[in-house]
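Spelled out from the first residue to the last, the chains are:
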Amino acid sequence: MSTMLLTAQDSDWNMERLAFNILVDQQPAGIARPSTAEDVSDIVRTAAAQGKQVAAQRTGHNAAPLGSLADTVLMRTAGLGGVQIDADAGTVRVGAGALWGDVVPRASELGLAALHGSSPGVGITGYTLGGGVSFYHRKHGLACNRVTAIEVVTAGGEQVRVDAKNEPDLFWALRGGGGSFGVVSALEFDLLPVPEIFAGALMFPGEQASQVLQGWRDWTVEMPEEMTSVGRLLNFPPAPEVPEPLRGKSFAVLEVIYCGDPGDGEELAAPLRGLGDAGMDTLQAQPPAGIAELHMDPPTPVPYTSESLLTHELPPAAIDSLVEAVGPGSGSQLVSVELRHGGGALSRAPQDAGALATLPGSFLAFAVGFVPVPEAMAPTRAWLGAFKAALEPYDAGRYFNFVEESFDITQIFTPEVLGRLREVKQRYDPENLFKSNHPVTA
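Residues numbered from 1 in each chain as written. Predicted model: local features only at pLDDT ≥ 70, side-chain atom pairs only at ≥ 80, totals over all residues. Heavy atoms only, no water.

Asks: I tried to follow the packing of aromatic side chains on my own but got confused; where do I start?
Replies: When we look at a pair of aromatic rings, we describe it by the centre distance and by the angle of the planes. Overall, the coordinates contain eight aromatic pairs when judged by the stated rule. Ring centres 5.0 Å apart and planes at 75° place the aromatic pair Y399 and F402 in the edge-to-face group. Under the relative-accessibility criterion, F402 is labelled buried at 13%. Here a set of aromatic residues connected by ring pairs shows up, and it is made of W100, Y127 and F189. Lying across the ring of F171, R175 places its NZ or CZ 3.9 Å from the centre. Lying across the ring of W172, R420 places its NZ or CZ 3.9 Å from the centre. (Phe/Tyr/Trp six-rings, centres within 6.5 Å; stacked < 30°, edge-to-face > 60°. Buried < 20%, exposed > 50% of the residue type's maximum accessible area, 1.4 Å probe, protein only. Lys NZ or Arg CZ within 6 Å of the ring centre and 35° of its normal.)

Asks: Help me understand the sheet that holds strand 7 (residues 147–153) in this model?
Replies: Pairing between sheet strands relies on hydrogen bonds along the backbone, with the strands arranged either parallel or antiparallel. In space, the five strands of this open sheet follow the order 5-6-9-7-8, with antiparallel pairing throughout. Sheet topology places strand 5 (83–86) and strand 8 (159–162) at the edges, where each strand pairs with a single neighbour. Between one strand axis and the next, the sheet turns through 10° on average, direction left out of account. In this structure, strand 5 lies alongside strand 6 (residues 91–95), joined through four bridges in antiparallel fashion. (Pairing = 2+ DSSP bridges. Helix = DSSP H or I, 4+ residues; strand = E, 2+ residues; numbered from the N terminus. Axes fitted to C-alpha atoms, helices over the stretch in contact; angles between N-to-C directions.)

Asks: What's the story with the sheet that holds strand 3 (residues 53–57) in this structure? I'm lost.
Replies: Sheet architecture is open: four strands sit in the order 1-2-4-3, paired in mixed fashion. In this open sheet, the two edge strands, each paired with only one partner strand, are strand 1 (5–6) and strand 3. Note: strand 2 (residues 30–32) against strand 4 (residues 72–76), three bridges, orientation parallel. The partner of A32 across the bridge, within strand 4, is M75. Helix 2 (residues 37–49) contacts strand 2, strand 3 and strand 4 of the sheet and is inclined by roughly 170° relative to strand 4. (Contact = heavy atoms within 4.5 Å.)

Asks: Teacher, can you tell me more about the pattern of salt bridges here?
Replies: Opposite charge on two side chains permits them to pair, given that their charged atoms come into close proximity. Taken as a whole and judged by the stated rule, the model has 19 salt bridges. A salt bridge links R161 to E188, with the shortest nitrogen-to-oxygen separation between them at 2.7 Å. With R161 in strand 8 and E188 in strand 9 (residues 183–190), this pair connects stretches of sequence that are 27 residues apart. Take R161: its relative accessible area is 39%, and that puts it in the partly exposed class. Notably, a salt bridge pairs E255 with R232, separated by 2.8 Å at the nearest N-O pair. Pair noted here: E255 is in strand 12 (residues 250–258) and R232 is in strand 11 (residues 227–235), with a separation of 23 residues, a long-range link. R232 shares its class with E255; the two are buried. What you see here is one network of salt bridges that share partners, running through R93, E151, R161 and E188. (Salt bridge = Lys/Arg side-chain N within 4 Å of Asp/Glu carboxyl O.)

Asks: Teacher, can you tell me more about helix 10 (residues 377–391) here?
Replies: The periodicity of an α-helix, 3.6 residues per turn, causes residues three or four positions apart to be oriented the same way. Between the first and last C-alpha of helix 10 there are 21 Å, a value that for 15 residues agrees with the 21 Å anticipated at 1.5 Å per step. Regarding helix 10, the residues found buried are T380, L384, F387, K388, A390 and L391. Taken end-on, helix 10 shows its buried residues confined to a sector of 160°, consistent with a single buried face. For helix 10, the elements touching its buried residues are strand 15 (304–311), helix 9 (316–326), strand 16 (336–341), strand 17 (363–370) and strand 18 (395–397). (Expected span 1.5 Å × (residues − 1). Arc of directions from axis to C-beta.)

Asks: Would you explain helix 8 (residues 262–273) in this entry?
Replies: Compared with an ideal rise of 1.5 Å per residue, which puts twelve residues at 16 Å, helix 8 spans 16 Å between its outermost C-alpha atoms and is within 8% of the ideal. Listed as buried for helix 8 are P262, G265, A269 and L272. All buried residues of helix 8 fall inside an arc of 50° around its axis, so they share one side. Taken together, the buried residues of helix 8 touch strand 10 (197–205), helix 7 (209–220), strand 11, strand 12 and strand 14 (284–286). With a side-chain oxygen positioned 2.9 Å from the backbone nitrogen of G263, the residue opening helix 8 is D261. (Polar contact = N/O pair within 3.5 Å; in protein donor to acceptor, adjacent residues only side chain to side chain.)

In structure tokens:
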């Protein structure tokens, strides 16, 4: 391990320890950069022999809940690359270092789509271990339940390929149970035969937020499962990197993704165009790769803080409360407040599902504010508190990948599922060698 282990004396130490949220100050005992599964095994065995934990990380998204890494080797998995698509079988194998941007364009060229996240810069492995909410989730459910095989290094340093027949309990736990059970070196999962979608965004002036979000909410009630959509409030900062037409301005935004016949999608989405004066309309038929940047997530690490919750069906009064709390006129500078329409396939457990079979509720709510200077933290947390208070009467639980602080995972798993996860942890990692952001303990 010595040849791969960085310490604070190395010149690239500060770059390698960087989390995606640059407010998170990761100070591990060392940083390892494996390039093969054999390297992973060596790192795991050496860390265990030295009495240290191991935390695997690709991009550093959602790193805050890891807490102190003083006795932990941070394993940065960027070197575990590789993407192999079998177009005939409609499957893909990815190394643990692969990002969605490595897969989505290549699959799209072949007439295939993946259950990818809202940013091409997100690591596939961490996203999938935490469940994986995609732009197609109402029709196809969670990404973790499209996984067909996982290559994982266990606490003893063994390289194991797990699937429905080989180590099925570990296979079950890794699909939505998080990173507590081993270090994943590769994943295999099914792609979708989707050559074309109807998708894009409508951007309305911020002052029309109430009518736009109310109209969108009413519209979602009648939508088929092929239609996934997002209602958002966006406040663009007055920063030079923001395009001039958006800089310093506020908008109500509707994102639409229809994974059926594009003509049907256009017809279904037509009423949204009449909800206000859309200054930008990008709704169109396009290949799946066309929506990679639809959500406008930041491509590089930024300083931010966030809140999230799942909600039950929202009445009109809930939208009123939300707009009053953080909409135009509230003073809120939250960069994004969003409601992702859930339900559909997210509410049904597929046969042979992993540990996270479903997500409760009808909407996934997430809000984020930038914190460029320390003085911005207090007002940003206050706006996030107002966002959460507006929706808490409709609280339906939490979603792993959207919770960016330590929390009680009983808000996600039933006692039966949590009990089984703890049994798997006890069997495969009784000494708690592996450290994850939302841990399952033996």
